[in-house]
Amino acid sequence: MSKMTPREMAQAIGSGLLSFPVTPFHADFSFNEARYRENMDWLCGYDVAGLFAAGGTGEFFSLSPAEVEKVVAVAVNETRGRVPVIAGAGYGTAIAKDLAAAAERAGADGVLLLPPYLVQSEQAGLMAHVEAVCASTKLGVIVYNRDNAILTEDSVARLADRCPNLVGYKDGVGDIELMVRVQSKLGDRLTYVGGLPTAETFALPYLEMGVTTYSSAVFNFVPDFSTAFYAAVRRRDREAVAAGLKSFILPLLAIRNRKKGYAVSIIKAGMKVIGRDSGPVRAPLTDLAADETDELAALVAALRSSGFVARAAAE
């Protein structure tokens, strides 16, 4: 069982950088537990405020409920309390409730509630979904506002009143006006997390809005860059942030944007590039082509030789 209260979990994740570790697979697409343990132990050695097990970059969408529970349990066991572990939950309400309960059994510190599967819903239905999941666990819950699950500020406020363990709001929309309305209405009742794809590109403007943390996918394979970049964001070092975007993030996005689904695939490719091969992505995603992986390898090598990490960390 988690020893963190929902409020303690929210405060912990708001204090620093967050990330979503990949879920490693063998060549036959089965879960590679040994590699996952190695990756989690390695990532815990960096300054990270929380790791999300079986999240979006962890291919939650391709895992069975039993696999989600297994991945979360291994993450909790391997991190050994060094870093808060937040478990993914989603799909329909019944499955999401089961996954939230499973996360609690496994000893996770919180739950990230991903959008429900496929359906378009009215606010009343979305609220009922979130409320049901919150009621199914004592863990702190972070709602992921994106795609087909966009809650208005009034809906979030009602949920916050009804659900004491709703403690986080992750924005994956990029609607600045909505974000301002939510913050204005909720204040410090919630911890706000930047969750747009490749959050580094939005990190500095979101910090100006009081969003102190975001989830970094590239932390998986360049954690030293991610932590140095986050430090530059937090001290509002615009020159260093611009240099990190220009030298690494934007060229990475140029590769990522070539095909649908590459937001996850490029992270798996990055793990291979650094010698922590975590296997292929599962269908319906596709892996990077060999020449694209070579491009990524050259980009990582250039980052290593650029001295960005040392300069950004020394400021």
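Before reading further, recall that the structure is shown in the block above.
In this text the structure is predicted, and so the values were computed from the model without any measurement.

Peer 1: Help me get a handle on the nonpolar core, residues and values and all.
Peer 2: Judged by nonpolar contacts, the single largest core of 108 residues is most densely connected at Tyr169, Phe221, Phe248 and Leu252. Top contributing element to this core by residue count: helix α10 (residues 238–256), with 8 residues. When sequence neighbours within four positions are dropped, the list of residues in contact with Phe248 reads Val218, Phe221, Val222, Phe225, Leu299, Val300 and Leu303.

Peer 1: Report on the side chain of Thr23, specifying residues and quantitative values.
Peer 2: By the element assignment, Thr23 lies in the loop between β1 (18–19) and α2 (33–43). Among the polar contacts listed, one links the side chain of Thr23 to the backbone oxygen of Gly58, at a separation of 2.6 Å. In this structure Thr23 touches Phe31, Gly58, Glu59, Leu63, Val71, Lys268 and Ser278, once residues within four positions along its chain are discounted.

Peer 1: I'd like a rundown of the pattern of salt bridges, residues and numbers included.
Peer 2: Overall, the coordinates contain 21 salt bridges when judged by the stated rule. Across the pair Glu208 and Arg236 runs a salt bridge whose closest N-O atoms are separated by 2.9 Å. Of this pair, Glu208 sits in helix α8 (residues 203–208) while Arg236 sits in the loop between α9 (223–234) and α10; the two residues are 28 residues apart in sequence, bridging distant segments of the chain. Across the pair Glu208 and Arg238 runs a salt bridge whose closest N-O atoms are separated by 3.7 Å. Taken together, the residues span a long stretch of sequence, with Glu208 in helix α8 and Arg238 in helix α10 at a distance of 30 residues. Residues participating in the shared-partner salt-bridge network are Glu33, Arg37, Asp41, Lys70, Glu78, Arg80 and Arg82.

Peer 1: Quick rundown of the side chain of Ser19? Include the residues and the values.
Peer 2: Mapping Ser19 onto the fold places it in strand β1. Exposure remark for Ser19: the relative accessible area of 0% places this residue in the buried category. Of the polar contacts made by the side chain of Ser19, one reaches the backbone oxygen of Ser216; its length is 2.6 Å. Discounting chain neighbours no more than four positions away, the residues touching Ser19 are Val48, Gly50, Leu51, Phe52, Ser216, Ala217, Phe219 and Asn220.

Peer 1: Tell me about the packing of helix α6 (residues 153–162) against helix α7 (residues 176–186), residues and numbers included.
Peer 2: At a minimum axis distance of 9 Å, the contact between α6 and α7 shows a crossing angle of 35 degrees. At the point where α6 passes α7, the crossing takes the right-handed sense. For the pair α6 and α7, the contacting residues are Glu153, Asp154, Val156, Ala157 and Ala160 in the first and Leu178, Arg181, Val182, Lys185 and Leu186 in the second. Of the residues belonging to the contact of α6 with α7, the class tally is 6 nonpolar, no polar and 4 charged.

Peer 1: How would you summarise α7 if you had to cite specific residues and measurements?
Peer 2: Within α7, burial applies to Leu178, Met179, Val182, Gln183 and Leu186. An end-on view of α7 places all buried positions within 130 degrees of arc, on one side of the element. Relative to its buried face, α7 has exposed residues pointing more than 90 degrees away, namely Glu177 and Ser184. Along its buried surface, α7 packs onto β5 (140–145), α6, β6 (166–171) and β7 (191–194). By the N-cap criterion, in which a side-chain oxygen at the helix start approaches the backbone nitrogen of a residue two or three places on, α7 is capped by Asp175, the distance to Glu177 being 3.2 Å. Phi turns positive one or two residues past the end of α7, at Gly187, with a value near 60 degrees.

Peer 1: I'd love a proper account of the environment of Lys259, names of residues and values included.
Peer 2: Mapped onto the elements, Lys259 comes out in the loop between α10 and α11 (262–273). The class of Lys259 is partly exposed, set by a relative accessible area of 46%. Between the C-alpha atom of Lys259 and that of Ala49, which follows or precedes it by 210 residues, the distance is 31 Å.

Peer 1: Help me get a handle on the packing of aromatic side chains, residues and values and all.
Peer 2: Following the criterion strictly, the structure yields 11 aromatic pairs and no others. For the pair Tyr214 and Tyr230, a centre-to-centre distance of 5.6 Å together with 65 degrees between the ring planes defines the contact as edge-to-face. Of this pair, Tyr214 sits in strand β8 (residues 213–214) while Tyr230 sits in helix α9, placing them 16 residues apart in sequence. Each member of the pair, Tyr214 as well as Tyr230, is classed as buried.

Conventions and cut-offs
The residue count restarts for each chain, going from 1 along the sequence in the order it is written. Where local features are concerned, this predicted model is filtered to residues with pLDDT of at least 70; where side-chain atom pairs are given and counted, the filter is 80 or more; whole-chain, interface and lining totals use all residues. Where side-chain values are given, they derive from all heavy atoms of the structure, hydrogens and water being excluded. Nonpolar cores were defined as sets of buried Ala, Val, Leu, Ile, Met, Phe, Trp, Tyr and Cys residues, with membership established by side-chain atoms within 4.5 Å. Relative accessibility decides the category of a residue: with a 1.4 Å probe and only protein chains considered, values under 20% of the type maximum give buried, values over 50% give exposed, and everything between is partly exposed. Secondary structure counts use DSSP, requiring at least four H or I residues in a row for a helix and at least two E residues in a row for a strand, with both numbered from the N terminus. Contact criterion: two residues are considered in contact whenever any of their non-hydrogen atoms come within 4.5 Å of each other. A 3.5 Å cut-off defines polar contacts: any pair of N or O atoms within that distance qualifies, except that in protein one atom must be a possible hydrogen donor and the other a possible acceptor, and neighbouring residues in sequence count only when both atoms are side-chain atoms. The term salt bridge refers to a pairing of a side-chain nitrogen on Lys or Arg with a carboxyl oxygen on Asp or Glu at a separation within 4 Å. In this analysis, axes come from line fits to C-alpha atoms, helices being fitted only over the stretch in contact, and the angle between any two N-to-C directions falls in the range 0 to 180 degrees. Left-handed describes a crossing whose near helix is turned anticlockwise from the far helix through less than a right angle; right-handed describes the clockwise counterpart. Any residue outside Ala, Val, Leu, Ile, Met, Phe, Trp, Tyr, Cys, Pro, Asp, Glu, Lys and Arg is labelled polar, Gly included; the first ten of those are nonpolar and the last four are charged. Arc definition: it is the arc formed by the directions from the helix axis to the C-beta atoms. A pair of Phe, Tyr and Trp rings is counted when the ring centres sit within 6.5 Å of each other, with Trp represented by its six-membered ring. The angle between the planes then sorts it: under 30 degrees is stacked, over 60 is edge-to-face, the rest tilted.

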